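# Structural characterization, general
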Amino acid sequence: MRYSLFIIFLLISTSLTAQVKADSSAFKQLDDVIVTATRSPRLLANVSIPASVISAKTIYQSGSLRLNDILSEQSGIVITDNFGKGIQLQGLSSDYTLILLNGEPLVGRTGGVFDLSRITIRGIKKIEIIKGPSSSLYGSEAMGGVINIITDQSGSRKTDFALRYGSFNTVDASIDIARKIKKTEVQFFSNYNRSQGYSLKPNALQKTVEPFWRSTQQITVSQPLGSKWKFSLLARHNNTFINNTIAVQNGGNTIVSKGFEKSNEYNLNPSLQFKINQKISSSLRGYLTGFKAIQELKIKDAFGSYDDQFSQIYKRIENQTDWQIRDKSSLIIGAGYVSESVESNRYDELSTKRKNAIAYSFFQHEEQLSKNLTFIGGMRYDANKIYASVASPKAAFQYKISDKISFNLSYGKGFKAPDFRQLFLNFTNLAAGSYSVFGTDVARDEIKKMSDANLIDQTTAAFNNVSVLKPEISGGLNAGMKIKTLNGIDVNINFFRNDISNMIVTDVVAYKKSGGQIFSYFNLKNARTQGIEIEAGKRVLNVISLKAGFQYLNTADKEVLKSIKAGTVFERSLETGLASRLKTSEYGGLPNRSKFSANAKATYDNNKGLFTTVRIFYRGRWGTNDLDGNGLINRSDEYAKGNIQVNASLGYKLGERWDVMAGVDNIFNYKDIQNLPGNPGRVGYATLQIHL
Amino acid sequence: MLMAVVFFVSCKKEKVTVVETVTSKTVSSLPADTIVGVSNGQPVGTGKFSFFSIESNSSIASVDSNSKKWDIGLRGTTIITNAGTSGPGSGGAFVYTGTFDELKTISADSTFRTDNAPTSYAIPLGSNKGWYVLDFVTNLLSPIPGRVLVIRTANGKYAKVEILNYYKGGTTPAANATDAEKSSKQRYYTFRFTYQSNGSKSF
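Every chain is numbered on its own, with residues counted from 1 as its sequence reads. By the order in which they are written, chains take letters starting at A while ligands take numbers starting at 1. The predicted nature of this model means local features are confined to residues of pLDDT at least 70 and side-chain atom pairs, given and counted, to a pLDDT of 80 or more, with totals for whole chains, interfaces and linings taken over all residues.

This paragraph deals with the overall build of chain B. The helix count covers DSSP runs of H or I at least four residues long, the strand count covers runs of E at least two residues long, and both are numbered beginning at the N terminus. Each helix and strand in chain B was counted, giving one helix and 13 strands. Secondary structure elements of chain B, listed N to C terminal, follow the sequence β-β-β-β-β-β-β-β-β-β-β-β-α-β. With C-beta atoms placed from the backbone, a residue is buried if 20 or more other C-beta atoms are within 10 Å of its own, exposed if 12 or fewer are, and partly exposed between those counts. Within chain B, the proportion of its 203 residues that are buried is 40%.

What follows concerns the overall build of chain A. Along chain A, the regular secondary structure elements total seven helices and 38 strands. In this description the radius of gyration comes from C-alpha coordinates, and the expected globular size is given by 2.2 Å times residues to the power 0.38. Radius of gyration (C-alpha) of chain A: 26 Å, near the 26 Å computed for a compact globule of 692 residues. The principal-axis extent of the C-alpha atoms belonging to chain A is close to 75 × 55 × 55 Å. Residues counted as buried form 41% of the 692 residues belonging to chain A. We call two residues in contact when their backbone-placed C-beta atoms lie within 7 Å. By sequence separation, contacts in chain A at least 24 residues apart represent 61% of the contacts at least 6 residues apart.

All names here are of chain B. At least two bridges found by DSSP between two strands is the condition for calling them paired. Strand order across the open sheet formed by four strands is E5-E4-E6-E7, with antiparallel pairing between neighbours. Both outer strands of the open sheet, strand E5 (58–60) and strand E7 (78–81), are each paired with one neighbouring strand and no more. Across this sheet, the average inter-strand angle for adjacent strands is 30°, counted without regard to direction. Axis angles are defined between N-to-C directions and span 0 to 180 degrees, where every axis is a line fitted to C-alpha atoms and, for a helix, only to the segment in contact.

Turning our eyes to something else, we now look at the confidence of the model for chain B. Residue and element names in this part refer to chain B. The predicted model of chain B has a mean per-residue pLDDT of 86, with 89% of residues at 70 or higher. Contacts from residues 1–20, a stretch scored under 50 in pLDDT, to residues over four places away or in other chains number 26 contacts. Complex prediction metrics read pTM 0.87 and ipTM 0.82. pLDDT runs from 0 to 100 and stands for how confident the predictor is about each residue.

This part is about the interface of chain A and chain B. Facing 21 residues of chain A, the contacting portion of chain B comprises 25 residues. For the side of chain A that touches chain B, the secondary structure elements donating two or more residues are strand E14 (229–250), strand E30 (570–572) and strand E31 (579–581) of chain A. Across the side of chain A that touches chain B, the residue classes break down as four nonpolar, 12 polar and five charged. Three classes are used: nonpolar for Ala, Val, Leu, Ile, Met, Phe, Trp, Tyr, Cys and Pro, charged for Asp, Glu, Lys and Arg, and polar for all others, with Gly counted as polar.

What follows covers the pairing of strand E29 (residues 544–557) of chain A. Residues and elements named next belong to chain A. Bridge count between strand E28 (residues 517–540) and E29: 14 bridges; the pairing is antiparallel. Bridge assignment links Arg528 to a residue of E29, and that residue is Ala556. Linking E28 back to E29 in an antiparallel pair, the connection comprises three residues, with Leu541 at a positive phi of about 55°.

The sheet built from five strands is open, its strands ordered E3-E8-E9-E6-E7 (chain A) with mixed pairing. One side of each edge strand has no neighbouring strand; the edge strands of this open sheet are strand E3 (51–55) and strand E7 (104–105) of chain A.

Here we take up unusual backbone geometry. Here B:Ala117 and B:Pro118 are connected by a cis peptide whose omega angle stands at 0°. Relative to the assigned elements, B:Pro118 resides in the loop between strand E8 (92–97) and strand E9 (132–135). Backbone geometry at A:Phe83 places phi at a positive 60°, although glycine is not the residue there. The residue A:Phe83 is located in the loop between strand E4 (77–81) and strand E5 (85–89) in this model. We classify A:Phe83 as partly exposed; it has 14 C-beta atoms within 10 Å.

Residue and element names in this part refer to chain A. Residue ranges labeled as domains rest on an automatic or database domain assignment. Each assigned domain of chain A is listed here: domain 1 (14–540) and domain 2 (544–653). Taking the mean C-alpha position of each, domain 1 and domain 2 sit 23 Å from one another. Every contact between the two is made by 26 residues of domain 1 and, on the other side, 30 residues of domain 2. Element by element, the count of residues in the side of domain 1 that touches domain 2 is highest for E28, at 16 residues.

Time to look at the nonpolar core. Judged by nonpolar contacts, the single largest core of 70 residues is most densely connected at A:Ala51, A:Ile87, A:Ile121, A:Ile147 and A:Ile149. Residues contacting A:Ala51, with those up to four places away along its chain left out, are A:Ile34, A:Ala37, A:Leu44, A:Glu128, A:Ile129 and A:Ile130. Of all hydrophobic cores here, the second largest spans 55 residues; its members include A:Phe570, B:Ile72, B:Ile163 and B:Tyr166. Here, a nonpolar core denotes buried Ala, Val, Leu, Ile, Met, Phe, Trp, Tyr and Cys residues that are linked to one another through C-beta atoms within 7 Å.

Take the confidence of the model for chain A next. All names here are of chain A. Taken residue by residue, chain A gives an average pLDDT of 89. The fraction at 70 or more is 93%. Taking the mean pLDDT of every element in chain A, the minimum, 33, falls on helix H1 (residues 14–22) and the maximum, 97, on strand E33 (residues 611–619). Across residues 1–30 the pLDDT falls below 50, and counting only partners more than four positions away or on other chains, this stretch makes 55 contacts in the model.

Rendered as structure tokens:
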């Protein structure tokens, strides 16, 4: 395998760039360089795990503004709409996908969901996507996959302004300035995004999406220190503000509360790279990030106010050393230390800090075993202070039959650490039947306190099983092939299977005298997701690019499958109202998963500044909620309707300095008020870019 | 309150076997302490049980609550049988897992429970514990499919009951229906039952 010089991962050598350009593949993607797959730059075609790269150009031509916009257009990815825009990858929910910014984790999740709309994708270089478990390199959360946002660090001189205006008074404005002063490269980026929101139900007291604004400021600096050292720094600040009007029905009265939700996030990432010699390089990376979210609601006419505060701080120091042992053999070793803390009134008094610390180390060995066969093996060990430690191995093979056909096979372990919520939550809902949820670390004490106050009716058998939570674990198998057909079509096929065990779910641990239930968390559930993803692409006359993608997905709760096979699960017929035994074939799997999804994209780009795109997306029906009392998705009315959406854009370059583009998303105005509140229907926009 | 619209139909699917003469009957939209107002922000009824005689397939007035005339009493999601703390009869019940049609004989080792209010009931109270499950998101109640209430009547005979629906007209409101609609239509039982008048445990 001709991987080019072993290099420090942010410095892409000219030889590699040259090599990339020489290979004239129809599938533009395959030429790209990807860092995330192996923690070192590799040609995408040489990566033995499912991976893809989205370029800044694709992002611009698609008219995407936020991370969820562009991810929703990728094969095998579904964006969910609960606690913000979450990613679903290989059928695994947002909790199990790690989001990185230049290789550093972004924190701040609500109900396990990382809200992708927090992240602007203006002013970035590319987005790298890894599917399947990568905990062997990245630790917790890298179970379904990894999304890595790479900011632009090319250092080319530029002064760019972009302004977009669209439906619902949506404004998006960016400034992107890059300068090279002697050897110092500096980039400043700023983005402001706002919208008045929208209402899917006319005359509703509460808008479906309330007015909001968000802003991002970012500075990156890169400074060579002599010929062997290089210092770089990223500093970023992100703000969001959302108006809140919430109307709740309570006993026939409408209670309106008004307030806001805001978040404040910062990232500081200094790093030092040291090239010891041609074969060995090392980097030391520091990282500090904080995420603070506040929601305040003033309730009209009574009940006082609601105040929710959540603040998370994550600090990390990490060293990674890359060693090119021989021409066809390389080694990466690394170690790091994480200290994180959370303060929230969901758990405690705000002054109580909940803390965790993780020490970890990892290695990865890559060896070209023969002319055609490459092997990568790696392992990471995470020693945790407040929950069980985890070892995550991974092995991958790539076998190239010829330039046209290659096979990939990989198996890896993934894990997700129990989060602070599952350990420390102390929540009582007074409105809905007065239920309580306690994290495992506090459950016994809290229930003891309530029992002493004579508030507990009885504890359940599950109460005795409340114990230290174990991380959720997955084993992921990916087997695929890449083919270039004779008529110039690139085809990627990948089969995947993820077996997830120790999944954390809530269960009743006690009943209050008032009748309310008390829940805590347990490692109880086992699930699986499996399927096949196919992508095909072709370039015509060097100006037209055609792409199509398809995913078949099959998911199941393994315990449910066992019960169905044992004949203890029933359903109620929609037509007759009578009960019958559920068959395995009628079980719809985990909710919110579409069995089928597909997309087709056509881009015309004359390479002189004129382009147009048409993108079609199909999402098959997905389970929403149980209606026949068995707690499962099985009946036709328990699904949301499948749908097709079409987006299009058109752009033109007016001389050297001006770019104009316009687009319409969801041209045929598909809406589903009940199941897709995040979809406003047809949206139009126009963008102007100036390069000074 | 008890002027319920009660009617019944013969089950067409009944097999023609010589020994069995029992047929299943369906009761539609039997009100069971329907919502009359709001107290402390919660919708409430009057608190009275709606009594029903399986033997005679008819509603029984609440003045006869302390008699052997009724076999089951319904109030909201609570179902009582005529024995123990609930009544003077020889009633009792347990919840069978399986389909209505499959339950042809009550096995000899089955244990009938009796009510011991307020701590325990023959048919357990609560979501996912007895005959129903309540969806906390939509606030809608569904009878769990594959649950059959095996009833011993006030006079010690046997019947099987399957609750089919909990809403007026036998149709559950849509998930996005208003709270007012969900509240006003709830507590109407549609159920089918088979009563064995000869005292045997076979249906």
